[in-house]
Amino acid sequence: MSRSASSDAPHAIVDLTALAANVAALRARIAPGTRLMAAVKADAYGHGVARVAPALSAFVDAFGVATAEEALELRALGIAQDVLVFGPVRARIAELVAADVALTVAGPDDLDAIARAAAPGRARVHLKVDTGMGRLGTPVGAPSDASGSGLRTVLELAAAVDRGRASLLEGVWSHLASADDPDAAVADSSADAQIAAFREVLQALDASSLRPPMAHLANSAGVIARPDAQFDLVRPGIAVYGQPPSPHVAGLAPELRPALTLDAPVTFVKRLPAGAPIGYGGTWIAQRATVLATVRLGYADGYPRSLSSRGLASVGDHHARVAGRVCMDQVMLDVGPDADVALGDRAVFVGGAGPSAVAVAEAAGSFVYELLTGLGARVARRYVG
Ligand SMILES: Cc1ncc(COP(=O)(O)O)c(C=O)c1O
């Protein structure tokens, strides 16, 4: 018997009210004049940028994305706020400048690419410096800048951007590598060293009359754990979606509200005798008679295969456990001997009555960012609030 007329697809149900509440909670942690840029890269961390960005636009000052395509998508959605591409771009630069998207310059090659692009006007540039992440930009501060020449290189690049025919120096930024560590708040932590190195860059730019209006360093962990990492703008991502960047930071920001719930429909139910094997390889064998529910969710939808015989879910009032290997499109749940489960019931795998996204990610040997951004295209995004 089917109890529900809901769709056959797995659903990621996104609570837009929670997103707004999380932005308000983050704003309460930053100084009144500090601007807030929400990171909405990777399809708004899997939440669906087409609905999330417009919903957030009343509450944030700017958006951060990883690629040219993501920036242009925001403009196509009618987003009028500032948009910054975090990664250097080589293609579509003229389009980005025409769309008034700010670009990252991490080295001279990035600036040359902007100069060659024949863009219609000057590109707004945010200069990326490496204070310890080691990913992009000129290394500054010990120990990465062994020769001590980093600061001079940054000043030369800043001057080149500032004087560039095709560019305008609007920002300088860096990225925290470990602000989510439990020791991030203690003296001599790597976050400490990064903040000090960033301050040195700002002082040097200031002394050369090159300090741009927007200096920024803090991600979610920085906003929550390091108030001294807030400069003119902060760039939270995961916290906007109500998830903590690490278990340590979770304890510091209990007010965050997870915005996403993942559920999927039961497509087959049977009574299973003790001893029956389930799934590929027959790796799970019923230890007692039980009710088994097959659900339309698999690893191709982003539900990790590493949760085979380990993942937890809730179905109505029942606690269920994944039985056997997670398949590409389906997963089997042991719902318990007395469970009352019917076709069309929805099993909750993440959030809501199910386990938290952080718990699911941890059980899968992953972390919450990967779980959320891995949710597949077959998972229908639904919005409430
Ligand atoms: C440059 C940059 N800024 C900000 C963020 C947001 O980080 P988080 O989601 O940890 O807040 C990211 C995400 O990785 C990023 O790459």
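This one's a predicted model, so the numbers in the text were calculated from it and none came from an experiment. (Residues numbered from 1 in each chain as written. Predicted model: local features only at pLDDT ≥ 70, side-chain atom pairs only at ≥ 80, totals over all residues. Heavy atoms only, no water.)

1. Here's the deal with the overall build of the protein chain
At step 1: What the protein chain contains, in helices and strands, is 12 helices and 19 strands.
At step 2: With respect to the three principal axes, the spread of C-alpha positions in the protein chain is 75 × 45 × 40 Å.
At step 3: Considering only contacts in the protein chain between residues 6 or more positions apart, those separated by 24 or more positions represent 65%.
At step 4: For the protein chain, the accessible surface area stands at approximately 15,800 Å², while carbon and sulfur atoms represent 54% of it.
At step 5: Positive and negative side-chain charges of the protein chain, numbering 34 and 38 respectively, have mean locations separated by a distance of 4 Å. (Helix = DSSP H or I, 4+ residues; strand = E, 2+ residues; numbered from the N terminus. Contact = heavy atoms within 4.5 Å. Areas by Shrake-Rupley, 256 points an atom, 1.4 Å probe, with all protein chains shown as cover. Lys, Arg positive; Asp, Glu negative; His and termini not counted. Charge placed at Lys NZ, Arg CZ, Asp CG, Glu CD.)

2. Notes on the side chain of Arg75
At step 1: By the element assignment, Arg75 lies in helix H4 (residues 68-76).
At step 2: Of the side chains with opposite charge, Asp100 comes closest to the buried, unpaired Arg75, at an N-O distance of 4.8 Å.
At step 3: Apart from the residues lying within four places of it in its own chain, the contact partners of Arg75 are Ala80, Gln81, Asp82, Val83, Ala99, Asp100 and Val101. (Buried < 20%, exposed > 50% of the residue type's maximum accessible area, 1.4 Å probe, protein only. Salt bridge = Lys/Arg side-chain N within 4 Å of Asp/Glu carboxyl O.)

3. Points about the site of the ligand
At step 1: Looking at the ligand, there are 13 residues lining it, with Lys41, Tyr45, Ser220, Ile238 and Tyr369 nearest.
At step 2: In this structure, an oxygen atom belonging to the ligand sits 2.8 Å away from a side-chain N or O atom of Lys41.
At step 3: Residue Tyr369 places a side-chain N or O atom 2.6 Å away from an oxygen atom belonging to the ligand.
At step 4: Summarising the interface, the protein chains cover 91% of the accessible area of the ligand, which totals 390 Å² for the free molecule. (Near = heavy atom within 4 Å. Polar contact = N/O pair within 3.5 Å; in protein donor to acceptor, adjacent residues only side chain to side chain.)

4. Brief notes about the packing of helix H7 (residues 150-163) against helix H8 (residues 190-207)
At step 1: Remark: H7 packs on H8, axes separated minimally by 10 Å, with the N-to-C direction vectors making an angle of 50°. Classified by the interaxial angle, the pair formed by H7 and H8 is oblique. As H7 packs across H8, the resulting crossing turns out to be right-handed. Here H7 contributes Leu151, Val154, Leu155 and Ala158 to the contact with H8, which in turn contributes Glu200, Val201, Ala204 and Leu205.
At step 2: Its residues assigned to classes, the contact of H7 with H8 comprises 7 nonpolar, no polar and 1 charged. (Axes fitted to C-alpha atoms, helices over the stretch in contact; angles between N-to-C directions. Parallel < 35°, antiparallel > 145°, perpendicular 65-115°, else oblique. Left-handed = near helix turned anticlockwise from the far one by under 90°. Nonpolar A, V, L, I, M, F, W, Y, C, P; charged D, E, K, R; others polar.)

5. A closer look at the pairing of strand S6 (residues 123-130)
The side chains of a regular strand alternate, residue by residue, between the two faces of the sheet.
At step 1: For S6, a buried count of 8 out of 8 residues is recorded, marking the element as mostly surrounded by other parts of the structure.
At step 2: Side chains Ala123, Val125, Leu127 and Val129 of S6 all project onto a buried face; the interleaved residues Arg124, His126, Lys128 and Asp130 project onto the opposite face, where all are buried too.
At step 3: You can see the chain leave strand S5 (residues 103-105), run along helix H6 (residues 108-116) and come back into S6, and the turn it takes is right-handed.
At step 4: Here S6 runs beside strand S8 (residues 167-173); their pairing, made up of 6 bridges, is parallel. Residue pairing for S8: Arg124 is matched across the bridge by Leu168.
At step 5: As paired strands, S6 and strand S7 (residues 138-139) are joined by 2 bridges and run parallel to one another. The partner of Val129 across the bridge, within S7, is Thr138. (Right-handed = clockwise from strand over helix to strand, strands pointing away. Pairing = 2+ DSSP bridges.)

6. Considerations on the nonpolar core
At step 1: Judged by nonpolar contacts, the single largest core of 118 residues is most densely connected at Val40, Leu56, Phe63, Leu103, Leu333 and Phe349.
At step 2: Ranked by residues supplied to this core, first place goes to H8 with 6 residues.
At step 3: Residue-level mapping places this core at the junction of two domains, with at least three residues from each of domain 1 (31-241) and domain 2 (260-384).
At step 4: Among all residues touching Val40, those that are not within four sequence positions of it are Val49, Leu56, Phe63, Gly64, Val65, Leu74 and Tyr241.
At step 5: One finds Leu272, Ala276, Ala286 and Leu292 within the second-largest nonpolar core, a separate group that totals 9 residues. (Core = buried A, V, L, I, M, F, W, Y, C linked by side-chain atoms within 4.5 Å. Domains from an automatic or database assignment.)

7. Overview of the pattern of salt bridges
At step 1: Scanning all chains against the criterion turns up 18 salt bridges.
At step 2: Notably, a salt bridge pairs Asp82 with Arg35, separated by 2.8 Å at the nearest N-O pair. Remark: Arg35 occurs in strand S2 (residues 35-39) and Asp82 occurs in strand S4 (residues 82-85); sequence separation between them is 47 residues.
At step 3: What makes Asp82 partly exposed here is its relative accessible area of 22%.
At step 4: Here Asp334 makes a salt bridge to Arg288, at a shortest N to O gap of 3.3 Å. Residue Asp334 is found in strand S17 (residues 331-336), and its partner Arg288 is found in the loop between strand S13 (284-285) and strand S14 (290-295); the two are separated by 46 residues along the sequence.

Spatial relationships are all this shows, so hold off on functional conclusions.
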